[in-house]
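# Notes for the structure review
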Amino acid sequence: MGLLDILLGRSRAVGPDLDRLFALPSAAVGLEAAAGFRPTGQGAVCFATVEGAAFERTHREIRALLDADAGRTPVELSHDAYGYSWLVSYRSPGELPVLVNDLHAVNSTLEAAGFGPRLLCSLAGFVADDGRRLALVYLYKRGTFYPFAPLSGGRQQRDNALELRIRAALDDELPVEADLGRWFPVWGAPGL
């Protein structure tokens, strides 16, 4: 950052720090205590769709890495209506630390294969006793988290009040994205 950046009030973007994902299990304890949301065991990594032999090789490497557990649902590759790809991992609800390891491994493998600029976000799913769903979304390029709470009923509407309550509850647990304009909706995301 140069002198002109300082004078004009510009700051350098934080950037990715995949190790921040490891804060999710302890944040989940606070999330359950504050709002009654428990992990679903589902998580996903979103990236701009990639095609070609290099990605196929990387995808096979990720599957081999994460599908090593016998009897578990394999990691799935899915595509959404917006043209993005999702690598989805399934674990039991009590295995959030293992799910976080999966998400970290997927991100790290894609990054190491040169696909880092295509990574968008990762999310872990949560559910309340009344069926409300929530995702804690990690913005890859910002190194921050935010809550996403879609309203039930198939409408593309968010529970903004719940999202703000979750932000307040997790502010000391996770680096929460301060710019609400970057709390992008992830409609139809796997894991929600």
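None of the values given here were measured: they were computed from a predicted structure. (Residues numbered from 1 in each chain as written. Predicted model: local features only at pLDDT ≥ 70, side-chain atom pairs only at ≥ 80, totals over all residues. Heavy atoms only, no water.)

## Examining the confidence of the model for the protein
Any residue range with low pLDDT should be treated as having predicted coordinates unsuitable for detailed reading. Keep this limit in mind: Confidence of the predictor at the level of single residues is given by pLDDT, which spans 0 to 100. Elements are defined by DSSP. Helices are runs of H or I of four residues or more, strands are runs of E of two residues or more, and each kind is numbered from the N terminus.
Confidence in the prediction of the protein, expressed as mean pLDDT, is 88, and 88% of residues score 70 or more. Per-element averaging of pLDDT across the protein places helix α1 (residues 3–7) at the bottom with 57 and strand β6 (residues 144–148) at the top with 97.

## Brief notes about the state of the cysteines
Let me state the cut-off plainly: The disulfide definition used here is simple: a pair of cysteine sulfur atoms within 2.5 Å.
Going through the model one piece at a time under the given rule, you end up with zero disulfides. Free of any disulfide, Cys-46 has its nearest cysteine sulfur in Cys-121, 4.6 Å distant.

## A closer look at the packing of helix α3 (residues 53–66) against helix α4 (residues 96–115)
Applicable threshold: The axes are straight lines fitted to the C-alpha atoms, using for helices just the contacting stretch, and the angles between their N-to-C directions are given from 0 to 180°. In these notes the angle categories are as follows: under 35 degrees is roughly parallel, over 145 is roughly antiparallel, 65 to 115 is roughly perpendicular, and the rest is oblique. Left-handed describes a crossing whose near helix is turned anticlockwise from the far helix through less than a right angle; right-handed describes the clockwise counterpart. Any two residues whose heavy atoms approach within 4.5 Å at even a single point are treated as in contact. Any residue outside Ala, Val, Leu, Ile, Met, Phe, Trp, Tyr, Cys, Pro, Asp, Glu, Lys and Arg is labelled polar, Gly included; the first ten of those are nonpolar and the last four are charged.
Two elements in contact, α3 and α4, have axes separated by 10 Å at closest approach and are oriented at 155 degrees. It follows from the interaxial angle that α3 and α4 lie roughly antiparallel. For the pair α3 and α4, the sense of crossing is right-handed. Seen from α3, the contacting residues are Ala-54, Phe-55, Thr-58, Glu-61, Ile-62, Leu-65 and Leu-66; seen from α4, they are Asp-102, Ala-105, Val-106, Thr-109, Leu-110, Ala-113 and Phe-115. Among the residues making up the contact of α3 with α4, the classes are represented as 10 nonpolar, two polar and two charged.

## What about the pattern of salt bridges?
To keep it simple, the criterion reads: Between Lys or Arg on one side and Asp or Glu on the other, a salt bridge is scored when a side-chain nitrogen of the former is within 4 Å of a carboxyl oxygen of the latter. Working definition: with a 1.4 Å probe on protein chains only, accessible area under 20% of the residue-type maximum means buried, over 50% means exposed, and in between means partly exposed.
Within this structure, the stated rule accounts for seven salt bridges. Close ionic contact of Asp-129 with Arg-38 constitutes a salt bridge, the shortest N to O distance being 2.7 Å. Residue Asp-129 is located in the loop between β4 (119–128) and β5 (133–139), and its partner Arg-38 is located in strand β1 (residues 37–48); the two are separated by 91 residues in the primary sequence. Exposure remark for Arg-38: the relative accessible area of 30% places this residue in the partly exposed category. Residue Asp-130 is joined to Arg-132 by a salt bridge in which the shortest nitrogen-to-oxygen separation is 2.9 Å. The class for Asp-130 is exposed, based on a relative accessible area of 55%. The exposure class assigned to Arg-132 is partly exposed, which follows from its relative accessible area of 29%.

## Focus: the environment of Leu-103
Assignment of secondary structure puts Leu-103 in helix α4. Leave out the neighbours within four places in its chain, and Leu-103 touches Leu-21, Gly-43, Ala-44, Val-45 and Leu-123.

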